[in-house]
Amino acid sequence: MTAAHSRALRAAAGLAALSVVALTSAGAGLPPTGTTAAPVATAATTSTTAAVGPCLSAADGHRVRAGSGLDGVDPNSLGAAGTEHAQQAEDRASARAQQRRTSSARLGKTTIDVYVHVITSSKGQGDVSDKRVKKQIDVLNRAYAGKTSKYSTASPFSFRLRGIDRTRSSAWYRWDAPTELQDGDDVAPKVALHRGGPDDLNLYTAALTDGLLGYATFPWETRDGLDPRRDGVVVLGTSLPDGSARGYDRGDSATHEVGHWLGLLHTFENGCRTPGDLVDDTPAQADGDNVFSCSKLDTCKAKGRDPVHNFMSYGDDACLTRFSKGQVARMSEQWQLFRSPAALS
Ligand SMILES: [Zn+2]
């Protein structure tokens, strides 16, 4: 696992221990800063008034680790306050579901429609071909069917590509992710391009800054006042299969981000402290640079070795192969509480 080691070394160089990976090539070929061609897509609106959901705001200092030159921010790391907020949202939704007597049914096979929005520079840099998009859907389907490892658990979820659109816009191409202090650059493109409802997956590809591979909205944010058009998953375009993000070019950035979109936290959420990632069968994992490693590790006193092969850890794509039974149960529950059409009735 030499590749994994080199990833760990890169992490040790001081990046945040999050979806943040030093992809020094990510900036190559980008249009010069200041290129501001108008978006091509005809936006129904470009409102930027929607508030960032409280959970994003609640994510605290855990989201940024002081780095040497690169400060990375993973919008999907919650920290203690954010985890508590997620639990409270879940409790409220459970209570509502019990009132309607719609909860606790086992989730049957569920097909999620996927709308892919490819954003390129005005010159077409960063384009992702239909072929690569289809490969990405295949990667998701294999991962969520438990086909990537004999230790993985099959989920009820499968993915059906419903549409691909492309927008040439240098103004939209390079995205800064949202932080606890401000909206990201994703608001206008998301508001303009989003399709469907909370049970539809909107997947955006763009050139993310600061080495970020991707980020996603959580299910409970749909009840937190998030503009429904901002729901979705964002990934670095070069992370789709056959892209140029070395080590991260098999499409598992999307696998990881869709895990967040379905309600999973990082396996190292809250480090060795309870309540961890709110899933019982993913052993606790320290939240240091170890999260990038694919080696056998046991960083917490609690029972069990670190789940380094879990899709919600930070190994490179070759390393990540598994969802646990508990994670599949959590995704199914979160779907029923927040995303299924029944949850909205
Ligand atoms: Zn993540």
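Summary of the structure given here. Predicted model, so just to flag it, every value in this text is computed and none were measured.

Grouped together as the largest cluster of nonpolar side chains are 62 residues, with contacts concentrated most on Leu140, Leu201, Leu203, Ala206 and Val233. Once residues within four sequence positions are removed from consideration, Leu201 is found in contact with Ile112, Asp113, Val114, Phe159, Gly232, Val233, Val258 and Trp261.

Structurally, Lys131 is set in helix H4 (residues 130-144). A residue is classified by how many C-beta atoms lie within 10 Å of it, and Lys131, with 10 of them, is exposed. Sequence separation between Lys131 and Pro241 is 110 residues, and the spatial gap between their C-alpha atoms is 9.3 Å.

Tracing the sequence through the fold places Asn76 in the loop between helix H2 (54-58) and helix H3 (79-100). Residue class for Asn76 comes out buried when judged on the 28 C-beta atoms lying within 10 Å of it. Through-space distance from the C-alpha of Asn76 to that of Phe218 is 8.1 Å; in sequence the pair is 142 residues apart.

Summarising the sheet, strand E1 (residues 110-120) and strand E2 (residues 157-168) pair through eleven bridges and their orientation is parallel. When the bridges of E2 are listed, Asp113 appears paired with Arg160. Between E1 and its parallel partner E2, the chain crosses via H4, and the hand of that crossover is right-handed.

A few words now on the packing of H4 against helix H7 (residues 252-261). The interhelical angle for the contact between H4 and H7, taken along N-to-C directions, is 55°, at an axis separation of 9 Å. If you check the angle between H4 and H7, you find them oblique. Crossing angle aside, the handedness with which H4 passes H7 is right-handed. Of H7, the residues touching H4 (which contributes Gln136, Val139, Leu140 and Ala143) are Asp252, Ala254, Thr255 and Val258. Considered class by class, the residues forming the contact of H4 with H7 number five nonpolar, two polar and one charged.

Let us look at the environment of Gly196. Mapping Gly196 onto the fold places it in the loop between helix H6 (187-193) and strand E4 (201-208). On the basis of neighbour counts, which here come to 17 C-beta atoms within 10 Å, the residue Gly196 falls in the partly exposed class. Taking the C-alpha atoms as reference, Gly196 lies 9.3 Å from Pro228; in sequence the two are 32 residues apart. When neighbours within four sequence positions are excluded, Gly196 is seen to be in contact with Asp113 and Tyr115.

Scoring rules and cut-offs
Residues numbered from 1 in each chain as written. Predicted model: local features only at pLDDT ≥ 70, side-chain atom pairs only at ≥ 80, totals over all residues. Core = buried A, V, L, I, M, F, W, Y, C linked by C-beta atoms within 7 Å. Buried ≥ 20, exposed ≤ 12 C-beta atoms within 10 Å, placed from the backbone. Contact = placed C-beta atoms within 7 Å. Helix = DSSP H or I, 4+ residues; strand = E, 2+ residues; numbered from the N terminus. Pairing = 2+ DSSP bridges. Right-handed = clockwise from strand over helix to strand, strands pointing away. Axes fitted to C-alpha atoms, helices over the stretch in contact; angles between N-to-C directions. Parallel < 35°, antiparallel > 145°, perpendicular 65-115°, else oblique. Left-handed = near helix turned anticlockwise from the far one by under 90°. Nonpolar A, V, L, I, M, F, W, Y, C, P; charged D, E, K, R; others polar.

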